Each structure stands twice: as C-alpha cells, then as structure tokens.
Amino acid sequence: LYFGLNIGYSPTRRSAIVAPGAGFGLCVGNNCLVLEAQLSLLADHAESNDGTLSYRFVNIGLRGQFRPYVNGRVSLGPTIGLLVRNGQVGLEGTDVRDIATSLAFRGTVEFAYRIGGAFEWVVEAGVDLSVSRATWLRARETVFLEDRWTPFMVTAIRLRPDLS
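If you're wondering where the values come from, they're calculated on a predicted model, not measured in any experiment.

What counts, and at which threshold
Residues numbered from 1 in each chain as written. Predicted model: local features only at pLDDT ≥ 70, side-chain atom pairs only at ≥ 80, totals over all residues. Heavy atoms only, no water. Helix = DSSP H or I, 4+ residues; strand = E, 2+ residues; numbered from the N terminus. Buried < 20%, exposed > 50% of the residue type's maximum accessible area, 1.4 Å probe, protein only. Contact = heavy atoms within 4.5 Å. Areas by Shrake-Rupley, 256 points an atom, 1.4 Å probe, with all protein chains shown as cover. Lys, Arg positive; Asp, Glu negative; His and termini not counted. Charge placed at Lys NZ, Arg CZ, Asp CG, Glu CD. pLDDT = per-residue confidence, 0-100. Disulfide = S-S within 2.5 Å. Core = buried A, V, L, I, M, F, W, Y, C linked by side-chain atoms within 4.5 Å.

Caption draft 1: Seen up close, the overall build of the protein. For the protein, the count of helices and strands is zero helices and twelve strands. Reading the secondary structure of the protein in the N-to-C direction produces β-β-β-β-β-β-β-β-β-β-β-β. Projecting the C-alpha coordinates of the protein onto the three principal axes gives extents of approximately 55 × 25 × 25 Å. When the 164 residues of the protein are sorted by exposure, 38% land in the buried category. Sequence separation of 24 or more characterises 55% of the internal contacts of the protein that already satisfy a separation of 6 or more. For the protein, the accessible surface area stands at approximately 9,000 Å², while carbon and sulfur atoms represent 65% of it. The average position of the 16 basic charges and that of the 15 acidic charges among the side chains of the protein differ by 5 Å.

Spelled out as structure tokens, the structure:
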C-alpha cells in the first residue's frame, strides 16, 4: 500500500505534473503488481476552433514494478503496464463539458531511496504510449487532448512498507 504526491514535468505538453496518488500492490520479493491511481490537479489545455479547452483527468493503472537492483536503501528497476485516463474536458468560459477517455501503455525506470522506516523518495522517468487518445469531437473538428507519446519525469515521497 502506498501514497504519494507526484510532482514533475512533461516536455511534450510543456506543462507541470502535480498529482496525488495511491496504490495497492501484491509483491513477491522485490517485484510487485500494482493497481494505482493519480488525480491530476492541474488541467491540460488545447486549442479548438471555438476557444481553449481545459482537460482534467484521473489516471488508473495496472503495472508490474520490477526491482532487479536492490542495494541497502537504494533500488532501481523498470515498470510496465496499462493506463486508463478518464477526465472531463470543457470549453473555457462556457458550460459546454464532455467526458474523454484514453488507453495507454506506460513504461518507466524507477529509482527509489529508502529515507527511513516505510518512506521512500522516488524518481521515475517514463513514457505513456496512447493506444486511443482522448479527443474533443465536434461536427467541425476533432481535437486530440493528449499526444501519442508523452514522456515525463516525476518525483514522489512514497509510503511503502519494507517487508524484507
């Protein structure tokens, strides 16, 4: 079980990432299968013919976390899994709203340092590859609310019990 606050940056979106998150994992040794969710506190923006679109979403993912390197307080390893992004998109300055959903693969490399007790400082760099991108559909246009590839880097303080 872990809780964290992801703080980072996506260079393709040119925007900050601020998202509290939680996860529940089933672990065998140093490797875990984790069901997790993050709530984006900052909206992404896109331009349409009618004005600026604002998109806030929740990420729900299922990932394998592998830690082939563990040395004392330090661990390093890849993660891979599926991600569903579901959120609300709206035309700013109006009451026009819609729901947008996407499916993606997420892969990362994670570095964790156990600060003490059950707390870890985590730095994670990765990429989301969208299989079906969230869109804003209108008669005159289709606006993609996310890129096909979204690289990112986040850091978090994570509560992860040391079961070793």
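Caption draft 2: The arrangement of the side chain of D44 in detail. Relative to the elements of secondary structure, D44 occurs in strand β4 (residues 44-48). Under the relative-accessibility criterion, D44 is labelled buried at 9%. Non-local contacts of D44, meaning those with residues more than four positions away in its chain, are made with R13, S15, L53, S54, Y55 and F57.

Caption draft 3: Fine view of the confidence of the model for the protein. Per-residue confidence for the protein gives a mean pLDDT of 89; residues scoring 70 or more make up 98%. By mean pLDDT, strand β1 (residues 2-10) is the weakest element of the protein at 78, and strand β7 (residues 74-91) is the strongest at 96.

Caption draft 4: Seen up close, the state of the cysteines. Inspection of the entire model under this criterion finds one disulfide. Disulfide partner of C27: C32, at an S-S distance of 2.0 Å. In this structure, the disulfide formed by C27 and C32 twists by about 100° around the S-S bond and is classed as right-handed.

Caption draft 5: Local environment of the nonpolar core. Ranked by size, the top nonpolar core spans eleven residues in total: A46, L53, Y55, F57, V89, L91, A100, A134, W136, V143 and L145. A per-element tally of this core places strand β5 (residues 51-65) first, with three residues. Sequence-distant contacts of L53, defined by excluding residues within four places in its chain, comprise D44, H45, A46, S48, V89, G90, L91, W136, V143 and L145.

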